[in-house]
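Given next are the chains, with one letter for each unit.
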Amino acid sequence: MTQIPERRLREKQKEERYAAILQAALRIFAAKGLQEATMDEIAQAAGLGKGTIYYYFASKDALIEELLCSLAEQYFQSLLEGTENMKDPLAIAERIVTNLLGHYQRQPELFQVIQMILAAPGGGPPRARQVFAEKHREWLARLKGETAELLAARGINVEVYVDFIGTYAHGLLFAAVAGRDIERLREESGRVLRAFLK
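Read on for a plain summary of the structure. (Residues numbered from 1 in each chain as written. Predicted model: local features only at pLDDT ≥ 70, side-chain atom pairs only at ≥ 80, totals over all residues. Heavy atoms only, no water.)

### Some thoughts on the overall build of the chain
Scanning the chain from terminus to terminus reveals nine helices and zero strands. Going residue by residue from the N terminus, the α and β elements of the chain occur as α-α-α-α-α-α-α-α-α. A principal-axis box enclosing the C-alpha atoms of the chain has dimensions of 60 × 45 × 30 Å. Residue pairs in contact within the chain that sit at least 24 positions apart in sequence constitute 68% of those at least 6 positions apart. When the accessible surface of the chain is summed, it comes to about 10,800 Å², and 52% of that surface belongs to carbon and sulfur atoms. (Helix = DSSP H or I, 4+ residues; strand = E, 2+ residues; numbered from the N terminus. Contact = heavy atoms within 4.5 Å. Areas by Shrake-Rupley, 256 points an atom, 1.4 Å probe, with all protein chains shown as cover.)

Put into structure tokens, the structure is as follows:
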């Protein structure tokens, strides 16, 4: 009878260690870079032994891959928050920009590490690139699905709208990571989006 709670406790502890490793890796990679960061530093930041890190991840590359996969999920999931009931294409685009820049302000390390991984020679680990691309396509499909009827009613080409918003959002991400002022990016994006949707 006590085996079930013990098993759940072990599973919970395993999940907590896994999450602690990913959070520590995010902080260390953001601070030191992908190449310079060591598994020892990540283990220390996670409050775990180096052997525990290798129990979960066979190598630093495997950890980088898993980190990007997890970051991609967080990144794309947050972009469409609050757009579900909006009826104005400009308001939807502005909400996406607000979500992106707000998320960047709350967790700049996430975006720094995404950029580092994707800008790595060869585009980063192949599985991580693949997962990031899949999440990106899912996000674009969701944006298309949520706006197709609305855009068609206003005579706006859904493909052009979605391609522009997707590309523009990523451009903003890189501008933010490069150190551009967030409030200025918000102001500029408002002008750009209004001009695009005229």
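### Side note on the packing of aromatic side chains
Under the defined criterion, the tally for this structure stands at eleven aromatic pairs. With 5.6 Å between their ring centres and 25 degrees between their planes, Tyr18 and Phe57 make a pair best called stacked. Separated by 39 residues along the polypeptide, Tyr18 in helix α1 (residues 3-32) and Phe57 in the loop between α3 (50-56) and α4 (60-79) bring together distant segments of the chain. For the pair Phe164 and Phe196, a centre-to-centre distance of 3.9 Å together with 15 degrees between the ring planes defines the contact as stacked. Here the residue Phe164 occupies a position in helix α8 (residues 158-177), and Phe196 occupies one in helix α9 (residues 182-196), the gap between them amounting to 32 residues. With a relative accessible area of 24%, Phe164 lands in the partly exposed category. Among the aromatic side chains, those forming a connected cluster through ring pairs are Tyr75, Phe76, Tyr104, Phe111, Phe132 and Trp139. (Phe/Tyr/Trp six-rings, centres within 6.5 Å; stacked < 30°, edge-to-face > 60°. Buried < 20%, exposed > 50% of the residue type's maximum accessible area, 1.4 Å probe, protein only.)

### Details of the packing of α4 against helix α5 (residues 89-106)
For the pair α4 and α5, interaxial distance at closest approach is 8 Å and the crossing angle is 140 degrees. It follows that α4 is oblique to α5 by the angle criterion. Where α4 approaches α5, its residues Gln74, Tyr75, Ser78 and Leu79 are matched on the opposing element by Ile96, Asn99, Leu100 and His103. Residues belonging to the contact of α4 with α5 are distributed by class as follows: four nonpolar, four polar and no charged. (Axes fitted to C-alpha atoms, helices over the stretch in contact; angles between N-to-C directions. Parallel < 35°, antiparallel > 145°, perpendicular 65-115°, else oblique. Nonpolar A, V, L, I, M, F, W, Y, C, P; charged D, E, K, R; others polar.)

### Focus: the nonpolar core
One recurring pattern in soluble globular proteins is that nonpolar side chains are buried together. Within the largest apolar cluster, 61 residues are counted, with the highest numbers of intra-cluster contacts made by Phe29, Ile42, Tyr75, Trp139 and Leu143. Tallying contributions element by element places α8 first for this core, with eleven residues. (Core = buried A, V, L, I, M, F, W, Y, C linked by side-chain atoms within 4.5 Å.)

### Some remarks on the pattern of salt bridges
In total, this model carries 13 salt bridges according to the counting rule given. The partner of Lys135 in a salt bridge is Glu73, with the nearest N and O atoms 2.6 Å apart. Taken together, the residues span a long stretch of sequence, with Lys135 in helix α7 (residues 126-153) and Glu73 in helix α4 at a distance of 62 residues. In this structure Glu73 comes out as partly exposed when scored by relative accessible area, which is 34%. Glu146 is paired through a salt bridge with Arg142; the nearest N and O atoms lie 2.9 Å apart. With Glu146 and Arg142 both in helix α7 and four residues apart, the pair spans about one turn of that helix. Using a relative accessible area of 32% as the deciding quantity, one classes Glu146 as partly exposed. What you see here is one network of salt bridges that share partners, running through Glu73, Lys135 and Glu138. (Salt bridge = Lys/Arg side-chain N within 4 Å of Asp/Glu carboxyl O.)

### Observations regarding the environment of Pro89
Mapped onto the elements, Pro89 comes out in helix α5. Linking Pro89 and Thr147, residues 58 residues apart in sequence, is a C-alpha distance of 7.5 Å. Residues in contact with Pro89, not counting those within four places in the same chain, are Leu150, Leu151, Arg154, Ile156, Tyr161 and Leu197.

### Digging into α9
In this model α9 runs 21 Å from its N-terminal to its C-terminal C-alpha over 15 residues, within 8% of the 21 Å that 1.5 Å per residue would give. Considered for burial, the residues of α9 that qualify are Ile182, Leu185, Glu188, Ser189, Gly190 and Leu193. For α9, the elements touching its buried residues are α5 and α8. Sitting at the amino-terminal end of α9 is Asp181, which places a side-chain oxygen 3.3 Å from the backbone nitrogen of Glu183. (Expected span 1.5 Å × (residues − 1). Polar contact = N/O pair within 3.5 Å; in protein donor to acceptor, adjacent residues only side chain to side chain.)

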